[in-house]
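# Residue-level structure breakdown
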Amino acid sequence: MIEKTELDGVVIIEPRRFTDSRGYFCETYNINTLAEFGITTTFVQDNQSFSEETGTVRGLHFQAPPAAQAKLVRVLSGVIWDVAVDIRSGSPTFGHWVGCELSAEKGNQLLIPAGYLHGFVTRTPKCTVAYKCSAPYTPATEGAVRFDDPDLAIDWGIRPEDAVLSDKDAAAAAFADLNTPFTYEAHP
Ligand SMILES: Cc1cn([C@H]2C[C@H](O)[C@@H](COP(=O)(O)OP(=O)(O)O[C@H]3O[C@H](C)C(=O)[C@H](O)[C@H]3O)O2)c(=O)[nH]c1=O
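Here the residue numbers are simple positions, counted from 1 along each chain's written sequence. Owing to the predicted nature of the model, reporting of local features is limited to residues with pLDDT of at least 70; listing and counting of side-chain atom pairs is limited to 80 or more, with chain, interface and lining totals taken over all residues. With hydrogens and water stripped out, all remaining heavy atoms of the structure feed into the side-chain values.

Only runs of H or I of at least four residues qualify as helices and only runs of E of at least two qualify as strands under DSSP, and these elements are numbered from the N terminus. Assignment of secondary structure puts S49 in strand β5 (residues 45–51). Sequence-wise, S49 and T33 are 16 residues apart; in three dimensions their C-alpha atoms are separated by 26 Å. Residue contacts are defined here by distance: any two heavy atoms, one from each residue, within 4.5 Å place the two residues in contact. If sequence neighbours within four positions are ignored, S49 has contacts with R58, F120, C127, T128 and V129.

Right under this line is the structure:
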């Protein structure tokens, strides 16, 4: 059901699927289920993005306090490699990243607390990604770091030059220039 990663508070969730002759049913989010695992994050906004091509990279993004967002990410169609990067100053894993393959078929999810960069690359065409956010969209607090930043050295499984990027992401800041607005707070 819930698997910790080496990054504090970043967990992989695999909701239970009730299968029968019609197909399956699963609860994709239940506040009480997460509370059983000590996760008390509440969400106020649902997002969905669709990416036509394999190799589409969205990220690495964050919103700064007071609009910092935790995210609960899942895939409705296709497969992505989902990445979180710890940017909490003072954290023993500052600048470290974890990746996880999320797929519609598996129905697995990645929970990323506030204080982390988030981004993904699509591993199939026509990828639909849905994610819950713990704070509303607040453009004035948005920040972005280059997905292929050499200091992060994230393995995206593609050549950087092959990435399909938005203009915003193509012009994102270097990690070294990030003035992280997050202070390290341990997660349960
Ligand atoms: C994030 C967001 C965007 N927008 C508007 C602003 C732009 O005109 C348009 C596309 O936004 P953007 O290019 O930032 O979309 P993505 O590149 O998919 O960004 C997202 O991708 C990574 C993976 C994330 O984790 C963030 O949630 C988010 O930054 O949607 C909204 O109206 N509300 C929103 O919450």
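What follows deals with the site of the ligand. Near is defined per residue: the residue qualifies when any heavy atom it owns lies within 4 Å of the molecule or strand. With respect to spatial proximity, the complete set of residues near the ligand consists of Q45, N47, R58, H61, K71, H118, F120, Y131, Y137 and K168. Between N or O atoms, a polar contact is any pair within 3.5 Å; within protein, one atom must be a potential hydrogen donor and the other a potential acceptor, and residues adjacent in sequence are included only when both atoms are from side chains. Here an oxygen atom of the ligand sits 3.0 Å away from a polar atom, N or O, in the side chain of Q45. A distance of 2.8 Å separates an oxygen atom of the ligand from a polar side-chain atom of K168. With residues, only the protein chains shown are counted as cover, and all accessible areas are computed by Shrake-Rupley using a 1.4 Å probe. Coverage of the ligand by the protein amounts to 66% of the 650 Å² it exposes when considered alone. Listed by contribution, the elements that provide at least two residues to the shell around the ligand are β5, β6 (57–63) and β12 (116–122). Class assignment of the residues belonging to the shell around the ligand gives a composition of three nonpolar, four polar and three charged. Residue type decides the class: Asp, Glu, Lys and Arg count as charged, Ala, Val, Leu, Ile, Met, Phe, Trp, Tyr, Cys and Pro as nonpolar, and the leftover types, Gly among them, as polar.

This next bit is on the environment of D8. Of note, D8 is situated in the loop between β1 (2–4) and β2 (11–13). Each residue's exposure class comes from its accessible area (1.4 Å probe, protein chains only) as a fraction of the maximum for that residue type: buried when under 20%, exposed when over 50%, partly exposed otherwise. Judged by relative accessible area, D8 falls into the buried class, the value being 19%. A sequence separation of 178 residues divides D8 from A186, and the C-alpha atoms of the two residues are 6.8 Å apart. Setting aside residues up to four positions removed in sequence, D8 forms contacts with R88, P113, Y116, Y184, E185, A186 and H187.

Another point: the sheet that holds strand β10 (residues 97–103). Spatial ordering of the open sheet is given by β10-β8-β12-β6-β14, a layout of five strands whose pairing is antiparallel. Two strands lie at the open edges of the sheet, namely β10 and β14 (142–144), each paired on one side alone. Direction aside, neighbouring strands of the sheet carry axes that sit 25 degrees apart on average. By this definition, two strands are paired if DSSP reports at least two bridges between them. Note: strand β8 (residues 79–86) against β12, seven bridges, orientation antiparallel. By the bridge assignment for β12, V83 is matched with G119. Between the N-to-C directions of two axes lies an angle of 0 to 180 degrees, each axis being a line fitted to C-alpha atoms and, for a helix, fitted only over the stretch in contact.

What follows deals with the sheet that holds β5. Ordered in space as β1-β2-β11-β7-β13-β5, the six strands form an open sheet in which the pairing is antiparallel. Strand pairing shows two members of the sheet lacking a second neighbour, β1 and β5, which therefore form its edges. Averaged over all pairs of adjacent strands, the angle between strand axes in this sheet comes to 25 degrees, irrespective of strand direction. In this sheet, strand β11 (residues 109–112) lies alongside strand β7 (residues 71–77) in antiparallel orientation, the contact comprising four bridges. Bridging from a neighbouring strand, R74 pairs with Q109 of β11.

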